[in-house]
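What follows is each chain in one-letter form.
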Amino acid sequence: MANPIEWWGKFPGSPENNFSGITFWAVFAVFFPASTGIMAGANMSGDLKDPRKSIPLGTMAAIALSLFVYLGIAYWLMRVATVEELTGNYTIMIDRAFWGPAVLAGLLAATFSSALASFVGAPRILQALGSHSIVPASRWTAKRTKKGEPRNAMFITTIIVLAAIMLRELNAIAPLITMIFLLTYATINLVVLVEQSLRLLSFRPLLRIPKMVPFIGLTGCLFSMFIINPVFSLVSIILVTALYFVLMRRKLTSPFGDVRSGMFTAVAEWGAKQVKMIQGTSERAWKPNILIALEDPQRLRGAFELINHLAYPMGSIKLLGVSRAGEVDSLQKRLLDSQQAFVDNGIFTSATILESDDYPAAVKVGLQALGGSFFRPNLLLMNLPKDKNTHESLTDLIAEAKRQKMGVAVFVQHDDAGLGRRNRVNLWIPDMGPHWELEMEFVNLDLAILLAYRMMDSWDADLTVIGAVSNAAEKQKAEKFLARLVGLARLPAHTAAHVADGDFGRYASSAPEADLNVFPLPEKFDAEFLWSLRDATGSSCLFTQDGGDESALA
């Protein structure tokens, strides 16, 4: 006898549901776990002599043999039994076989082999997870016996299996197992697709397949998941994604890294190439990527909080150490400690050292070298040294930074006030007379405005804009200028504006009190004048020079 083949549609069902019908995808969900034994070899990769050769060969052979056996059985059943017998008689294969006990022996062998494969493979996966500190009680789970058996992991998997069996409804468990396997296979296909697309030299599979194969596998797995059970599929993906971020926050490492590093590197390189091809400016994307050059990391202590508030959360810090010959190792250790302090505060920070006995020359070389990189620092932050002999070299560094289109911020900390209560910031605007016209491009004001806003936002402080007017007749023009400046620069509506009588030096002592005063750096560097402004304001001061890539109006 031969029955018509129904590839798609609604199937009769089973005695448990009174043959009320069952869909193709329900049948698929129940049957699919029977085809997942091909992972047994991968699960035992740690115990194979040559897993690189054995796993691909064994997996492909298992797929071919399983396909042949399953199709052969389906064809034979179609020839020897009716649809009613196939759906109503669970022992039809024994009844129609040439020798029934052989079928029973095969069923028992298949059951025992599947159980053995799971009993051997699952504990080893759990033990491997424990060895990488991924699961709870990892140290206990990762332990092996003297013969190398993961006994503790076996105890855990045994409890899980017994709990599933006690449910006494394997057809209800089968869709759940199918979902887990489909998600696993989708992840494997995704990793293969990403690795192939990145074209990294580290991805050198001996078995090469077209990109379309993992793409079809990925989309097929996701499609099947949502057809079988949309709600559980969505929940599974959310849980896996949440688990990924939890593990990422734990900063686990593998011996050779993973696909994330290559993927992010490739995306960053692609983005860099696109920016270079567009030939546009980075004014809209500007954020503080700070370069700090130092011989002694202890000098960071005074400016540590200011740097944190400037860079967090989206900025970055580059520490450039300058070491004399023979002192590199000592500086390296202290520099890494400083780097870790910024990293612990959530700021991306990197560090490097230049060996030189000439600090200014080494910093200039560093500025020139970093100027050609894509993700280069855009702000050179320096403390104002008290040693007058260094002021000339500081002038050279400021000029070199400007040549490299890098902004400059000189921090002059008040010995007593520090950063105060962090609730008031003053932004100083130099005399723009006689016309006080607001152009679309400022002259050395953009960086001062941006950093004043950054500190105001970081501290949740009040901002006051102060304009210096040498000619009293220009006060009205200055007031209109400051009002337009606040609006065009999109400063908060509650920003106060004051017009100062005289230049910075004359008005500083009577200016509104602030915890930080931000000034544009004078065209001619004068350290004594900067110290005098700090003393007159009674607070720490930040002096800025534009690099050319900033815009307070962008």
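Up top you'll find the structure we're talking about.
Here the structure is a predicted model, which is why all the values come from computation and not from measurement.

A. Spatial organisation of the overall build of the chain. Looking only at helices and strands, the chain features 20 helices and twelve strands. Counting over 554 residues, the chain shows a buried share of 35%. A separation of at least 24 residues holds for 75% of the contacts in the chain among residues at least 6 apart in sequence. With an accessible surface of roughly 33,100 Å², the chain has 62% of that area assigned to carbon and sulfur atoms.

B. Geometry of the environment of E392. Positionally, E392 belongs in helix 16 (residues 391–403). You can call E392 exposed: its relative accessible area is 61%. Sequence separation of E392 and A527 is 135 residues, and the distance between their C-alpha atoms is 9.7 Å.

C. Local environment of the nonpolar core. Of all hydrophobic cores here, the largest spans 54 residues; its most connected members are I292, I307, L427, I449, L485 and L542. Beyond its immediate stretch of four places on either side in the chain, L485 contacts I429, L438, F442, I449 and V465. The next biggest cluster of nonpolar side chains, apart from the first, holds 36 residues, and it includes A362, V363, W428 and W531.

D. Layout of the side chain of N426. Inspection of the secondary structure puts N426 in strand 8 (residues 424–429). Here the side chain of N426 touches P512 through a polar contact of 2.7 Å, landing on its backbone oxygen. Look past the residues within four positions of N426 in its chain and what remains in contact with it is T464, I466, P512, E513, A514, L516, N517 and V518.

E. Highlighting the packing of helix 10 (residues 212–228) against helix 11 (residues 230–249). Contact pair helix 10 / helix 11: the axes reach a minimum separation of 5 Å and the direction vectors enclose 130°. The angle between helix 10 and helix 11 falls in the class oblique. Mapping the contact onto sequence places L222, M225, F226 and I228 in helix 10 and P230, S233, L234 and I237 in helix 11. Split into classes, the residues belonging to the contact of helix 10 with helix 11 amount to seven nonpolar, one polar and no charged.

F. The sheet that holds strand 10 (residues 496–501), seen in detail. Read across the sheet, ten strands follow the order 5-4-3-6-7-12-11-8-9-10 without closing on themselves; strand pairing throughout is mixed. The strands lining the two open edges of the sheet, one partner per strand, are strand 5 (348–355) and strand 10. On average, adjacent strands in this sheet sit at an angle of 25° to one another, irrespective of strand direction. Here three bridges tie strand 8 to strand 11 (residues 516–520), and the two strands are oriented parallel to one another. Paired with L427 across the two strands is V518, which belongs to strand 11. Each of strand 6 (379–383), strand 7 (407–412), strand 8, strand 9 (462–469), strand 11 and strand 12 (540–545) touches helix 17 (residues 446–459); the most contacted strand, strand 8, lies at about 170° to it.

G. Highlighting the packing of aromatic side chains. What the rule picks out here adds up to eight aromatic pairs. Pairing Y244 with F245 gives two aromatic rings, centres 5.3 Å apart and planes at 70°, and the pair type is edge-to-face. Taking relative accessible area as the criterion, F245 reaches 44% and is therefore assigned partly exposed. On the numbers, 5.2 Å between centres and 20° between planes, the contact of F519 with F543 is stacked. Of the two residues, F519 is situated in strand 11 and F543 in strand 12; the sequence distance between them amounts to 24 residues. Residues F519 and F543 agree in their burial class; the two are buried.

H. The pattern of salt bridges, seen in detail. Applying the stated criterion to the full structure yields eleven salt bridges. In this structure, R96 and E85 form a salt bridge, with 2.6 Å as the shortest nitrogen-oxygen distance. With a gap of eleven residues between them, R96 in helix 5 (residues 92–96) and E85 in helix 4 (residues 83–88) connect regions that are remote in the sequence. A salt bridge links K333 to D337; the shortest N-O distance between them is 3.9 Å. You can see K333 and its partner D337 sitting in helix 14 (residues 328–344), four residues apart, about one turn around the helix. Salt bridges sharing partners connect three or more residues here, namely R376, K405 and D549.

I. Here's a closer look at unusual backbone geometry. Here Y312 and P313 are connected by a cis peptide whose omega angle stands at 5°. Backbone geometry places W436, a non-glycine residue, at a positive phi of 50°. Within the secondary structure, W436 is located in the loop between strand 8 and helix 17. On the basis of relative accessibility, which here comes to 5%, the residue W436 falls in the buried class. Unusually for a residue other than glycine, D460 sits at a positive phi of about 55°. Along the chain, D460 turns up in the loop between helix 17 and strand 9.

J. The arrangement of helix 11 in detail. Here helix 11 is 20 residues long and its end C-alpha atoms lie 29 Å apart, about the 28 Å a rise of 1.5 Å per residue gives. Structurally, the start of helix 11 carries an N-cap: the backbone nitrogen of V231 is 3.3 Å from a side-chain oxygen of N229.

K. Up close: a nonpolar patch on the surface. On the surface, F31, L65, F68, V69, Y70 and I73 cluster together into a nonpolar patch covering about 580 Å² of accessible area. Sort the elements by how many residues they give to the nonpolar patch and helix 3 (residues 51–80) lands first, with five residues. Mapped onto the elements of the fold, I73 is located in helix 3.

L. Structural context of the packing of helix 6 (residues 100–131) against helix 8 (residues 151–165). Between helix 6 and helix 8, the shortest axis-to-axis distance is 8 Å and the interhelical angle comes to 115°. Crossing angle aside, the handedness with which helix 6 passes helix 8 is right-handed. For the pair helix 6 and helix 8, contact is made by F119, A122, P123, R124, L126 and Q127 and by A153, M154, I156, T157 and T158, respectively.

Analysis parameters
Residues numbered from 1 in each chain as written. Predicted model: local features only at pLDDT ≥ 70, side-chain atom pairs only at ≥ 80, totals over all residues. Heavy atoms only, no water. Helix = DSSP H or I, 4+ residues; strand = E, 2+ residues; numbered from the N terminus. Buried < 20%, exposed > 50% of the residue type's maximum accessible area, 1.4 Å probe, protein only. Contact = heavy atoms within 4.5 Å. Areas by Shrake-Rupley, 256 points an atom, 1.4 Å probe, with all protein chains shown as cover. Core = buried A, V, L, I, M, F, W, Y, C linked by side-chain atoms within 4.5 Å. Polar contact = N/O pair within 3.5 Å; in protein donor to acceptor, adjacent residues only side chain to side chain. Axes fitted to C-alpha atoms, helices over the stretch in contact; angles between N-to-C directions. Parallel < 35°, antiparallel > 145°, perpendicular 65-115°, else oblique. Nonpolar A, V, L, I, M, F, W, Y, C, P; charged D, E, K, R; others polar. Pairing = 2+ DSSP bridges. Phe/Tyr/Trp six-rings, centres within 6.5 Å; stacked < 30°, edge-to-face > 60°. Salt bridge = Lys/Arg side-chain N within 4 Å of Asp/Glu carboxyl O. Expected span 1.5 Å × (residues − 1). Patch = residues over 30% accessible without salt bridge, like charges linked within 9 Å, V, L, I, M, F, W, Y side chains within 5 Å. Left-handed = near helix turned anticlockwise from the far one by under 90°.

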